[in-house]
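# Architecture and fold: a report
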Amino acid sequence: MIRITGLNKSFATVKGPLAVLREVNLQVHLGERIAVVGTSGAGKTTLMHIMGGLDRPTSGEVLFEGKNLFALRGPALDAFRNRTIGFVFQFHQLLPEFNALENVMMPLLIAGQSRRQAAIPATEMLKEVGLASRVEHKPGALSGGEQQRVAIARALIQRPRLLLADEPTGNLDRRTSEEILTLLDRLHASHNLTMVSVTHNDLLAARMDRTLRMEDGCLKSEERK
Ligand SMILES: Nc1ncnc2c1ncn2[C@@H]1O[C@H](COP(=O)(O)OP(=O)(O)O)[C@@H](O)[C@H]1O
Ligand SMILES: [Mg+2]
């Protein structure tokens, strides 16, 4: 599904260029679930952003089903990303002024659907993540786990084929993390998702098909114990 070759990313800083990704190569197969682990600052979030077309590499290639992601620009890249890739972040990044239903509808509204149209799949998606009784709650009135469920529902509302999750359980207690992991397992199966997830959670990593370790911008595959 995805083939990343010779990926480098540097950021310009006052002290000159800072290399954050160094010659990263990675293939992600259709339906696969990959965990990316590594210390803070290793480059995990940068890699996720580039894989998802949110940031551009300094050099190297990301092929998505054979198509060069960065040959697309501007609106074409936005459209491709919105249809194909869902994102879940560590801090759910829900809009505080809007209720759960509106947050989940938002990608559809932005894509030009009416509220009435968008409400139908959004309600269905909230039911699927176990929040049928919380559709009118604003994020501030939801628990951390519930907020993350809303964020997952929002990520999946356009039926993406790839889900990128950046520490989806990073702020949750152990039990709530387990519940989110069980939900992601279920959604992986029911939505035919391919999943790449950054995590510090060994339980999450162990439930994936493969674990990769990011160290100082280099990506290495990790042996299963
Ligand atoms: N926009 C940026 N400008 C400069 N440096 C950045 C920028 N974004 C990230 N970095 C640096 O790149 C390194 C990797 O960051 P990140 O990918 O967020 O790591 P991780 O997610 O593994 O903790 C860090 O040292 C960070 O400070
Ligand atoms: Mg990060």
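Residues numbered from 1 in each chain as written. Chains lettered and ligands numbered in written order. Predicted model: local features only at pLDDT ≥ 70, side-chain atom pairs only at ≥ 80, totals over all residues.

### Some points on the packing of helix α5 (residues 144-156) against helix α6 (residues 174-190)
In the contact formed by α5 and α6, the axes pass within 10 Å of each other and the chain directions differ by 20°. When the axes of α5 and α6 are compared, the pair comes out roughly parallel. The way α5 lies across α6 gives a crossing that is right-handed. For the pair α5 and α6, contact is made by G144, G145, Q148, R149, I152 and L156 and by T176, E179, I180, L183 and L187, respectively. The residue inventory of the contact of α5 with α6, partitioned by class, reads five nonpolar, four polar and two charged. (Axes fitted to C-alpha atoms, helices over the stretch in contact; angles between N-to-C directions. Helix = DSSP H or I, 4+ residues; strand = E, 2+ residues; numbered from the N terminus. Parallel < 35°, antiparallel > 145°, perpendicular 65-115°, else oblique. Left-handed = near helix turned anticlockwise from the far one by under 90°. Contact = placed C-beta atoms within 7 Å. Nonpolar A, V, L, I, M, F, W, Y, C, P; charged D, E, K, R; others polar.)

### As for the sheet that holds strand β3 (residues 33-37)
Taken together, six strands build an open sheet; the order of strands is β6-β7-β8-β3-β9-β10 and the sheet is mixed. The sheet is open, and its two edges are formed by β6 (85-88) and β10 (218-221), each paired on a single side. Strand-to-strand twist of the sheet, defined as the mean angle between neighbouring strand axes without regard to direction, takes the value 20°. In terms of strand pairing, β3 meets strand β8 (residues 194-198) through four bridges, oriented parallel. Among the inter-strand pairings, V36 is bridged to a residue of β8, identified as V198. Sheet contacts for α5: β6 and β7 (162-166); angle to β6, the most-contacted strand, approximately 165°. (Pairing = 2+ DSSP bridges.)

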